[in-house]
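Overview (structure and organization)
In case you want the letters, here they are:
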Number of protein chains: 2
Amino acid sequence: MTYPFLGRLRVIESSAFIAAPLAGLTLAQYGADVIRIDMIGGGIDYARMPRMPHPEGRGRSLYWTALNKGKRSVAIDLRKPEGRELIQALVTAPGPDAGLLLTNIGTPWLSHESLAQKRADVISCTIQGNGDGSTAVDYTVNCATGYPVITGGGSSAAPVNHVLPAWDIACAYQAAFAVLAAVDHRRRTGQGAELKLALSDMAFTMLSHLGVLAESELLHQERPSIGNHLYGAFGRDFATADGQRIMVAAISAGQWKSLVNCCGISDSIAQVQRELQLDFADEAQRFEGRDAIAALVEPWFAQRNAQEAEAALEAHKVCWGRYSTVQELLAQDARVSTDNPVFERIDTPGIGQHIAAGAAVRAPAMERAPTSAAALLGTHTDEVLEQVLGLSPEAVGRLHDAGIVAGPERDPSAAA
Amino acid sequence: MTYPFLGRLRVIESSAFIAAPLAGLTLAQYGADVIRIDMIGGGIDYARMPRMPHPEGRGRSLYWTALNKGKRSVAIDLRKPEGRELIQALVTAPGPDAGLLLTNIGTPWLSHESLAQKRADVISCTIQGNGDGSTAVDYTVNCATGYPVITGGGSSAAPVNHVLPAWDIACAYQAAFAVLAAVDHRRRTGQGAELKLALSDMAFTMLSHLGVLAESELLHQERPSIGNHLYGAFGRDFATADGQRIMVAAISAGQWKSLVNCCGISDSIAQVQRELQLDFADEAQRFEGRDAIAALVEPWFAQRNAQEAEAALEAHKVCWGRYSTVQELLAQDARVSTDNPVFERIDTPGIGQHIAAGAAVRAPAMERAPTSAAALLGTHTDEVLEQVLGLSPEAVGRLHDAGIVAGPERDPSAAA
């Protein structure tokens with residue numbers, strides 16, 4: 001679903017991969033008119049896996065179409081000076097809700113300086129790899145954060161990369177936030193803003209915000225590598241009799257009491273506390289005694305199948321979750337279905353009907369519009385050039401003839 | 001550094017743990033006046049590990065102080081009706097830039113309905129575990145996403161939890177974004193907004209936005225468990241002669257050419273392409289041939305120490321990064337130092353001087369103010385009650401005498 005919070009805001013997105021497109025998607029799902037510009041035929045991320053099967057290998061990317069829901073698509077030849085001028089004109093078109101660029105393409109003709117010459121109060125947000133403009137991607141930033149060497153009980157010799165592109169995601173949402181902050185500032189002061197957000201700055205500032213840098217500097221210690229235990233309290237995964245795995249977390253005092261009661265281990269917990277001279281009412285001492293606690297919890301799970309265990313966990317209000325694959329999640333979990341109002345079914349050209357998410361936020365009193373599927377590339381080229389730049393159909397026709405813009409690509413799923 | 005984008009916005013934060021406090025931190029670092037309310041003596045997250053050493057175990061939390069930089073701190077007894085009324089009054093105080101609540105505490109006296117009775121255009125943003133109000137934390141949501149069973153070459157029998165609280169982080173930034181979107185909407189329409197953002201919705205909607213749900217539904221396949229390889233192109237970690245590990249990514253055509261040239265393996269790559277009948281110009285075919293490619297890259301790294309390898313990678317503009325621990329990162333990487341303008345040194349009461357991050361964004365033309373350290377609990381109690389609620393010093397004194405509010409806690413590092 002899309003909410004009309006940002007009803008009049010127009011954002012030009014010239015982007016690729018995850019961070020900038022996800023920022024644009026977020027703005028779109030809260031109501032902005034996000035116009036994504038791509039190279040004719042598609043940019044560098046247009047064929048990213050996974051793709052739909054196709055006899056000639058031209059199946060649409062499920063990745064690209066997922067990140068570009070709810071946007072208008074314009075196809076322009078970015079190598080031609082006239083194409084670049086069109087994009088500059090789209091970004092700097094007049095109007096209090098226009099004049100916004102979201103990009104991860106660090107090119108001189110989209111620099112803030114060049115845009116500000118055409119529109120002084122332009123807001124540009126450029127996502128970079130590193131702050132000096134050098135290249136970095138989620139994987140080459142994540143490796144430096146210290147997380148891979150403590151993931152999965154790992155070590156410096158066998159670091160474990162994350163699979164979720166967590167830094168791209170954080171970067172996307174902070175970029176979308178920064179754009180709105182600059183819009184609020186412009187509404188009050190009339191001033192534009194140049195915003196640059198580097199993926200590596202995103203990751204390393206987060207190490208500060210989570211206390212990891214201060215811990216390292218002041219306590220001279222590394223965060224321990226503790227496998228699936230959670231840090232600083234008690235929580236771990238356990239295997240059930242039927243081979244399922246369940247995560248439990250006992251961070252708060254209430255969650256801890258619930259777990260002990262559910263597993264019926266209060267006597268043995270009391271004994272362990274005496275033996276180890278620890279007080280598990282303190283979360284830090286639960287962490288210290290985590291192996292002893294886990295040893296008491298393990299048999300309870302091992303003696304039950306998942307269904308039985310989950311019913312008991314639920315009855316005792318334990319904080320728990322079942323591990324699943326995505327196929328299992330889709331098949332079994334009502335939170336990932338159209339029973340959940342944040343999901344709906346959409347029909348993506350070239351792909352077909354499938355479940356898709358709107359904005360994650362629930363805003364009960366706001367109107368909601370359906371999420372629109374990712375358009376075929378260039379679907380809105382003519383419409384946008386006419387509406388935003390005021391070009392005549394004849395002028396747009398000339399741009400087509402010169403190969404500077406392109407209309408909708410052919411639906412790859414259509415009959416030959 | 002703090003930017004004055006949101007100079008006049010006042011946000012009342014009643015929160016705990018990561019998502020809501022990080023959302024508040026984000027708003028504060030872009031200039032909002034964020035007032036965090038805590039229980040007298042500290043809430044449920046006030047002593048989270050890691051903590052500073054302290055003879056009586058009362059060292060300040062490096063976690064709490066990291067997430068609560070740049071905010072004002074007010075201490076109120078949340079159990080007393082008069083304390084709850086004060087918080088409601090703070091949230092619903094008049095003014096176009098006030099009337100904002102950020103919370104993850106789902107309590108009836110902070111419900112949107114009860115606040116809207118006092119101020120019709122109030123904006124409340126409540127972060128939840130699940131959309132039905134039931135409890136969930138990052139770990140008990142992440143286990144369901146499918147990521148742990150494919151992390152680190154894992155399997156359903158041995159899932160690997162992430163260490164970075166990625167869903168909390170995403171939730172934080174989306175919540176901060178949603179608040180600004182609702183503020184923009186209120187400025188234009190005069191309407192308030194009730195916003196609810198569930199951690200599980202955050203995670204599962206992301207599975208849609210990354211194409212993972214569509215892949216599962218339409219292609220009936222699980223994302224493969226591929227260890228440290230990156231999905232959909234070529235990238236993996238490699239060990240150097242001196243036992244360092246380096247991540248390389250060859251996602252774009254340019255990155256791929258750079259890697260092949262740097263390692264001097266173009267002839268053997270050509271041969272492998274012929275043998276496997278693959279064309280590595282296509283990223284998907286690089287992914288298919290990833291093991292054969294890695295086998296050619298491995299010896300290049302194994303024959304060089306890290307310094308030599310990195311110089312060559314840099315000269316060839318390969319996209320790469322070195323794995324490090326946090327101690328190594330702080331000692332060696334200039335991106336995590338005050339040479340980087342997003343970092344500065346701050347002095348946190350009860351903790352001392354340490355490196356800390358401001359907003360990750362760089363806004364060259366904006367004024368910047370230093371990041372202020374997390375205050376001792378209750379430092380701003382009197383100031384806020386007098387400024388925001390207009391209470392007299394005598395009235396505030398009576399609240400102290402009745403134990404309803406508290407002033408600054410004692411600095412635990414001060415001499416006894």
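Residue numbers run consecutively from 1 along every chain, following the written order of its sequence. Working convention: letters from A go to chains and numbers from 1 go to ligands, in the order in which they are written. pLDDT decides what is reported in this predicted model: residues at 70 or higher carry local features, side-chain atom pairs at 80 or more are listed and counted, and totals for whole chains, interfaces and linings draw on all residues regardless. The basis for the side-chain values is all heavy atoms of the structure; hydrogens and waters are excluded.

1. Looking at the overall build of chain A
Each helix is a run of DSSP H or I of at least 4 residues and each strand a run of E of at least 2, with the numbering of both proceeding from the N terminus. Tallying secondary structure elements over chain A gives 16 helices and 13 strands in all. In terms of principal-axis extent, the alpha carbons of chain A reach across some 85 × 55 × 45 Å. By sequence separation, contacts in chain A at least 24 residues apart represent 67% of the contacts at least 6 residues apart. Carbon and sulfur atoms form 50% of the exposed surface of chain A, whose accessible area is close to 14800 Å². By definition in these notes, contact holds between two residues if any of their heavy atoms fall within 4.5 Å. Note on areas: Shrake-Rupley with a 1.4 Å probe; residue coverage comes only from the protein chains shown.

2. Brief notes about the relation of the copies chain B and chain A
Overlaid copies result from least-squares superposition on C-alpha atoms, with residues included only where pLDDT is at least 70 in both. When chain B is fitted to chain A, the residual RMSD is 0.0 Å, and the transformation amounts to a turn of 180 degrees plus an axial shift of 0.0 Å. This pairing of chains is accounted for by a two-fold axis. Residues of chain B ranked by C-alpha distance from the rotation axis are headed by Phe177 of chain B, positioned 2.3 Å from it. Comparing interface residues between copies, 100% of those in chain B also sit at the interface in chain A, which points to an isologous, same-surface contact.

3. A look at the sheet that holds strand E12 (residues 361-362) of chain B
One open sheet accounts for 8 strands, arranged E13(A)-E3(A)-E2(A)-E1(A)-E4(A)-E5(A)-E6(A)-E12(B); its pairing is mixed. What marks the edges here is a single partner per strand, and that holds for strand E13 (405-406) of chain A together with E12 of chain B. Between any two strands, at least two bridges found by DSSP are needed for them to pair. Across 5 bridges, the pairing between strand E1 (residues 10-14) of chain A and strand E2 (residues 33-39) of chain A is parallel. Of the residues in E2 of chain A, the one forming a bridge with Arg10 of chain A is Asp33 of chain A. Every axis in this analysis is a line fitted to C-alpha atoms, fitted for helices over the stretch in contact. Angles between the N-to-C directions lie between 0 and 180 degrees. Each of strand E5 (123-128) and strand E6 (193-198) of chain A together with E12 of chain B touches helix H7 (residues 199-209) of chain A; the most contacted strand, E6 of chain A, lies at about 70 degrees to it.

4. Let's talk about the confidence of the model for chain A
Confidence of the predictor at the level of single residues is captured by pLDDT, which takes values from 0 to 100. Of all residues in chain A, 100% attain a pLDDT of 70 or more, and the chain-wide mean is 97. The complex model carries a pTM of 0.98, and its ipTM stands at 0.98.

5. Section: the interface of chain B and chain A
Facing 145 residues of chain B, the contacting portion of chain A comprises 145 residues. One side-chain nitrogen of Lys or Arg within 4 Å of one carboxyl oxygen of Asp or Glu is enough to make a salt bridge. Viewed at the interface, chain A and chain B are joined by 10 salt bridges. Residue Asp282 of chain B pairs with Arg51 of chain A through a salt bridge whose shortest N-O separation is 3.0 Å. For this analysis, a polar contact is any N or O atom pair within 3.5 Å, provided that within protein one partner can donate a hydrogen and the other can accept it, and provided that sequence-adjacent residues contribute only side-chain to side-chain pairs. Where chain B touches chain A, the interface holds 58 residue pairs in polar contact (both at pLDDT 80 or more). Ranked by the residues each element gives to the side of chain B that touches chain A, the list is headed by helix H6 (residues 166-189) of chain B, at 17 residues. Note on residue classes: Ala, Val, Leu, Ile, Met, Phe, Trp, Tyr, Cys and Pro are nonpolar, Asp, Glu, Lys and Arg are charged, and everything else, Gly too, is polar. Split by residue class, the side of chain B that touches chain A holds 85 nonpolar, 36 polar and 24 charged. Bridge count for E6 of chain A against E12 of chain B is 2 bridges, and the pairing is antiparallel. If you follow Leu197 of chain A over to E12 of chain B, its bridge partner there is Val361 of chain B.

6. Concerning the pairing of E2 of chain A
All names here are of chain A. Counted residue by residue, E2 has 6 buried out of 7 residues, so it is predominantly covered. Between E1 and its parallel partner E2, the chain crosses via helix H1 (residues 19-29), and the hand of that crossover is right-handed. Bridge count between E2 and strand E3 (residues 72-76): 5 bridges; the pairing is parallel. Residue Asp38 lies in a different strand from E3, and its bridge partner there is Ala75. Once the chain exits E2 it traverses helix H2 (residues 62-67) before rejoining the sheet at E3, and the crossover so formed is right-handed. Relative accessibility under 20% of the residue-type maximum defines a buried residue, over 50% an exposed one, and the middle range a partly exposed one, all with a 1.4 Å probe and only protein chains included. Here a crossover is taken to be right-handed if, once the strands point away from the viewer, the path from the first strand over the helix to the second is traced clockwise.

7. Things to note about the nonpolar core
Throughout, nonpolar core names a set of buried Ala, Val, Leu, Ile, Met, Phe, Trp, Tyr and Cys residues whose side chains join them through atoms within 4.5 Å. With 136 residues, the main nonpolar core has Phe5 and Leu27 of chain A together with Phe5 of chain B as its most contacted residues. Ignoring sequence-local partners within four residues, the contact set of Leu27 of chain A consists of Leu6, Val11, Ala32, Val34, Leu102, Ala176, Val179 and Leu180 of chain A together with Phe177 of chain B. Counting 25 residues, the second-largest nonpolar core is a separate cluster that includes Phe238, Trp256, Cys262 and Phe280 of chain B.

8. Comments concerning the packing of helix H15 (residues 381-389) of chain A against helix H16 (residues 393-401) of chain A
Residues and elements named next belong to chain A. As a packed pair, H15 and H16 sit with axes 10 Å apart at the nearest point and diverge in direction by 135 degrees. In terms of orientation, H15 and H16 fall into the oblique class. Viewed along their axes, H15 and H16 form a crossing whose handedness is right-handed. Judged by residue contacts, Asp382, Leu385 and Glu386 of H15 engage Pro393, Val396, Leu399 and His400 from H16. Here the residues of the contact of H15 with H16 sort into 4 nonpolar, 1 polar and 2 charged. Throughout, the term roughly parallel applies to angles under 35 degrees, roughly antiparallel to angles over 145, roughly perpendicular to angles from 65 to 115, and oblique to all others. When the near helix sits turned anticlockwise from the far one by under a right angle, the crossing is termed left-handed; a clockwise turn instead gives a right-handed crossing.

9. Concerning the side chain of Arg72 of chain B
Residue and element names in this part refer to chain B. Among the structural elements, Arg72 can be located in strand E3 (residues 72-76). Relative accessible area serves as the criterion here: at 13%, Arg72 is assigned to the buried category. A polar side-chain atom of Arg72 sits 2.8 Å from a polar atom in the side chain of Asp33.

10. Concerning the side chain of Asn161 of chain B
Relative to the helices and strands, Asn161 of chain B resides in the loop between helix H5 (138-142) and H6. There is a polar contact of 2.5 Å between the side chain of Asn161 of chain B and the side chain of Tyr323 of chain A. What Asn161 of chain B contacts, discounting residues up to four positions off in sequence, is Thr151, Asn228, Met247 and Tyr323 of chain A together with Tyr139 and Pro148 of chain B.

11. Regarding the sheet that holds strand E7 (residues 234-239) of chain A
Each strand in a sheet pairs with its neighbour through backbone hydrogen bonds, running either in the same direction (parallel) or in the opposite one (antiparallel). Residues and elements named next belong to chain A. A sheet is described by the order of its strands in space; here 3 strands give the open sequence E7-E8-E9, paired in antiparallel fashion. Strands at the two margins of the open sheet, each flanked by one partner only, are E7 and strand E9 (319-322). For this sheet, the mean angle separating the axes of adjacent strands, direction not counted, is 20 degrees. Bridge count between strand E8 (residues 245-250) and E9: 4 bridges; the pairing is antiparallel. Its bridge partner being in E9, Val248 is matched across the sheet by Trp320.

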